[in-house]
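Each chain, written out:
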Amino acid sequence: MSVASAEAHQLFPRHRRSAGRARAALRQQLIEWKIAEEPAETAVLLLSDLVTNAVEHGRVSPGREIGTRFALYDGTLRVEVADANDDLPKPRPAGIDDEDGRGLALVIALADRWGTCPRRNGIGKAVWVELKLSSEGAC
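Because the structure is predicted, anything quoted here is derived from the model rather than measured.

Quick word on the packing of aromatic side chains
No. 1: Tallying each qualifying case throughout the model produces zero aromatic pairs.
No. 2: Here the guanidinium or amino end of Arg78 rests over the ring plane of Trp128, the centre of that ring lying 4.2 Å away.

This is the structure:
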């Protein structure tokens, strides 16, 4: 069974705990949409990276929130994370001993498509990933 078109939004504070809260919100939404385990876990992993990047690199004033949007349409799951920083993510090489710097490479490797767009309600940008759901993508 597949949901034809659905969408959910949520705001999180720019705080390190927000990645875990966003993952929990996405997991709950994917259960409601009856998305299969494999694409669901990939989506949660990608969301975690995007929220973590927004928290760590979205150097904006305190009180600004990080927005998430989860959308399901035409057999595609889209996950967006918006912050109030206009700086766009750029892939960078990570050394073998580096503890970070691999997130965007992970996004590129796992997402069917990804990109950025201006934030819907003003200042900043949204970074999004899309996962195509096969006929087995929904249970």
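Once you've had a look at it, read on.
Describing helix 2 (residues 37–57)
No. 1: Across its 21 residues, helix 2 extends 30 Å between first and last C-alpha, which sits within 8% of the 30 Å expected from 1.5 Å per residue.
No. 2: For helix 2, the full list of buried residues reads Pro39, Ala40, Ala43, Val44, Leu46, Leu47, Ser48, Asp49, Leu50, Val51, Ala54 and Val55.
No. 3: If you follow the buried residues of helix 2, they end up packed against helix 1 (18–32), strand 2 (65–73), strand 3 (76–83), helix 3 (103–110) and strand 5 (125–132).

Some thoughts on the side chain of Ser48
No. 1: Position of Ser48 relative to the elements: it lies in helix 2.
No. 2: Other than its neighbours up to four places away in sequence, Ser48 contacts Ala19 and Arg23.

Thoughts on the environment of Lys125
No. 1: Considering the arrangement of structural elements, one finds Lys125 in strand 5.
No. 2: Take Lys125: its relative accessible area is 8%, and that puts it in the buried class.
No. 3: Between the C-alpha atom of Lys125 and that of Leu88, which follows or precedes it by 37 residues, the distance is 7.5 Å.
No. 4: In terms of polar contacts, Lys125 uses its side chain to reach the backbone carbonyl oxygen of Asn85, at 3.0 Å.
No. 5: Among the polar contacts made by the side chain of Lys125, one reaches the main-chain carbonyl oxygen of Asp87 at a distance of 3.0 Å.

What to know about the sheet that holds strand 2
The strands making up a sheet are joined through hydrogen bonds of the backbone, oriented either antiparallel or parallel.
No. 1: One open sheet holds the five strands; their spatial order is 1-2-3-5-4, and the pairing between them is antiparallel. The sheet is open, and its two edges are formed by strand 1 (5–13) and strand 4 (113–118), each paired on a single side. Taking each pair of neighbouring strands and ignoring which way they run, the sheet shows an average axis angle of 15 degrees.
No. 2: Direction of pairing for strand 3 relative to strand 5: antiparallel, over a ladder of eight bridges. In the sheet register, Thr76 faces strand 5, and the bridge partner there is Lys132.
No. 3: Contacting strand 2, strand 3 and strand 5, helix 2 runs over the sheet at an angle of about 10 degrees to strand 3.

The rules behind these values
Residues numbered from 1 in each chain as written. Predicted model: local features only at pLDDT ≥ 70, side-chain atom pairs only at ≥ 80, totals over all residues. Heavy atoms only, no water. Phe/Tyr/Trp six-rings, centres within 6.5 Å; stacked < 30°, edge-to-face > 60°. Lys NZ or Arg CZ within 6 Å of the ring centre and 35° of its normal. Helix = DSSP H or I, 4+ residues; strand = E, 2+ residues; numbered from the N terminus. Expected span 1.5 Å × (residues − 1). Buried < 20%, exposed > 50% of the residue type's maximum accessible area, 1.4 Å probe, protein only. Contact = heavy atoms within 4.5 Å. Polar contact = N/O pair within 3.5 Å; in protein donor to acceptor, adjacent residues only side chain to side chain. Pairing = 2+ DSSP bridges. Axes fitted to C-alpha atoms, helices over the stretch in contact; angles between N-to-C directions.

By themselves, these are just geometric observations and shouldn't be taken as functional.
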